[in-house]
Amino acid sequence: MDDSPLSRQLVDAIRMLEAAGIIDYNGHCSIRLGEGRVLINTGSCQRARLGVEDLCIIDLEGRLIEGRANPPLECHLHCGIYRARPDAGAVVHAHPRWSTYLTMVGEPYRPVYAQGAILHPVPVLDTPDSINTREMADRLAGVLGPRPAALMKSHGAVTVGRDIVEAFVLASYLEENASRQYMALQIGTPYCFSEAEIARCRDKLWNPGLFRRTWDHYRAKLPPVPPAAGD
Ligand SMILES: [Zn+2]
């Protein structure tokens, strides 16, 4: 895969999600390239030591166009959202711990801190099944609607952005909010932001400059790429 700025940005996003404990060995992120093409990590790659050679290009039906390995089985998730959402420029799908806990017990995502409030409300797909077919992808896209994020019951989360910076930052806000909500629930009933407070948060915080600052915060913490096993 070309060592283009978009490829490097996608690699950084996945490595940052891995370093932050948001993505696991199965998560995947993508960028829409235009002309029905999608840049995405391969299914078998090591997320923590990802390089541009671990990316591939697929079409909007999940078929491999370019790359040395296949996309993830759940690549349909990305294709379905790009088909349904012309505004979507990037998609993050992870299986993060805290937000998934909420879905396991039917606890709704509640706006408990400012950055997390801008994503509220977050719809939930009512099945843990993988998004590995066109039908499941269309179903998830229907649940997501025009929202920036959705959760999948006992499975994971998806965020959608105009670009990968936005999709990454929203994924980090989503998981941080879920973590705070979970912790607060252990000691009491968390305070939930009012509609007016949420609106003020959105006005102030839904801002490309602030998204970039959050991205830079995580990027500055990226560890060096570790050697491969056996190196
Ligand atoms: Zn998944």
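Notes on the structure in this doc start here. (Residues numbered from 1 in each chain as written. Predicted model: local features only at pLDDT ≥ 70, side-chain atom pairs only at ≥ 80, totals over all residues. Heavy atoms only, no water.)

### Section: the overall build of the protein chain
Stage number 1. Regarding its fold elements, the protein chain presents eight helices and eight strands.
Stage number 2. For 231 residues, the compact-globule estimate of 2.2 N^0.38 gives 17 Å, and the protein chain sits close to it at 17 Å.
Stage number 3. C-alpha extents for the protein chain along the principal axes are approximately 50 × 40 × 30 Å.
Stage number 4. Here the protein chain, with 231 residues, has 50% of them falling under the buried criterion.
Stage number 5. Counting contacts in the protein chain only where the partners sit at least 6 residues apart, residues at least 24 apart contribute 68% of the total.
Stage number 6. Carbon and sulfur atoms provide 51% of the accessible area of the protein chain, an area that totals close to 10700 Å².
Stage number 7. Positive and negative side-chain charges of the protein chain, numbering 25 and 27 respectively, have mean locations separated by a distance of 4 Å. (Helix = DSSP H or I, 4+ residues; strand = E, 2+ residues; numbered from the N terminus. Rg over C-alpha atoms; globule rule 2.2 N^0.38 Å. Buried < 20%, exposed > 50% of the residue type's maximum accessible area, 1.4 Å probe, protein only. Contact = heavy atoms within 4.5 Å. Areas by Shrake-Rupley, 256 points an atom, 1.4 Å probe, with all protein chains shown as cover. Lys, Arg positive; Asp, Glu negative; His and termini not counted. Charge placed at Lys NZ, Arg CZ, Asp CG, Glu CD.)

### Remarks on unusual backbone geometry
Stage number 1. Each neighbour pair has its own omega, and for His-120 with Pro-121 the value is -5°, a cis peptide bond.
Stage number 2. Its place among the elements puts Pro-121 in the loop between helix 4 (114-117) and strand 6 (124-125).
Stage number 3. Despite not being glycine, Glu-35 shows a phi value in the positive range, around 55°.
Stage number 4. Counting through the fold element by element, Glu-35 comes out in the loop between strand 1 (28-34) and strand 2 (37-41).
Stage number 5. Phi at Ser-154 takes a positive value of approximately 50°, unusual for a residue other than glycine.

### Some points on the coordination of the zinc ion
Put simply, the ideal angle at a metal is 109.5 degrees for four donors in tetrahedral geometry and 90 or 180 degrees for six donors in octahedral geometry.
Stage number 1. Each protein donor to the zinc ion is listed here as Glu-74 (OE), His-93 (NE2), His-95 (NE2) and His-155 (NE2); together their distances run 2.0 to 2.1 Å.
Stage number 2. Around the zinc ion, the four donor atoms sit at angles spanning 95 to 125°, and that spread fits a shape best called tetrahedral.
Stage number 3. Each donor residue of the zinc ion belongs to the same chain, with the gaps between them written as E-x18-H-x1-H-x59-H. Residue His-95 is located in the loop between strand 5 (90-94) and helix 3 (97-104), and its partner His-155 is located in the loop between strand 7 (149-152) and strand 8 (156-161); the two are separated by 60 residues in the primary sequence.
Stage number 4. His-155 sits in the buried class, given a relative accessible area of 10%. (Donors = N, O, S within 2.8 Å, 3.2 Å for Na, K, Ca; no water. Tetrahedral: all angles 85-135°; square planar, octahedral: opposite > 155°, others 65-115°.)

### Quick notes on the nonpolar core
Stage number 1. Membership of the largest hydrophobic core comes to 45 residues, with the highest contact counts inside it found for Leu-119 and Ile-164.
Stage number 2. Within the residue set of this core, elements represented by two or more residues are helix 1 (5-19), strand 1, strand 3 (55-59), strand 5, strand 7, helix 6 (164-187), helix 7 (195-205) and helix 8 (208-220).
Stage number 3. In terms of residue count, the dominant contributor to this core is helix 6 (nine residues).
Stage number 4. With residues up to four places along the chain from it excluded, the contact list for Ile-164 reads Gln-9, Leu-10, Ala-13, Cys-29, Ser-30, Ile-31, Ala-90, Val-92 and Trp-215. (Core = buried A, V, L, I, M, F, W, Y, C linked by side-chain atoms within 4.5 Å.)

### Side note on the packing of aromatic side chains
Aromatic ring pairs: the centre-centre distance and the angle between the two ring planes describe each pair.
Stage number 1. Using the criterion set out here, one finds eight aromatic pairs in the structure.
Stage number 2. Ring geometry for Tyr-173 versus Phe-211: centroids 6.3 Å apart, planes at 55°, classification tilted. Of the two residues, Tyr-173 sits in helix 6 while Phe-211 sits in helix 8, which places them 38 residues apart along the sequence. Judged on exposure class, the residue Tyr-173 and its partner Phe-211 are both buried.
Stage number 3. Between Trp-206 and Phe-211 the ring centres are 5.5 Å apart and the planes differ by 75°, which places this aromatic pair in the edge-to-face class. (Phe/Tyr/Trp six-rings, centres within 6.5 Å; stacked < 30°, edge-to-face > 60°.)

### Topic: helix 6
Stage number 1. An ideal rise of 1.5 Å per residue puts 34 Å on 24 residues; helix 6 measures up with 35 Å between its terminal C-alpha atoms.
Stage number 2. Backbone nitrogen of Val-165 and a side-chain oxygen of the N-cap are separated by 3.2 Å at the start of helix 6; the cap is Asp-163. (Expected span 1.5 Å × (residues − 1). Polar contact = N/O pair within 3.5 Å; in protein donor to acceptor, adjacent residues only side chain to side chain.)

### Structural notes on the side chain of His-76
Stage number 1. Summarising the element assignment, His-76 is placed in helix 2 (residues 75-84).
Stage number 2. Assessed through its relative accessible area of 18%, His-76 is described here as buried.
Stage number 3. The contacts of His-76, once residues within four sequence positions are left out, are Glu-61, Ile-131, Asn-132, Thr-133, Arg-134 and Ala-137.

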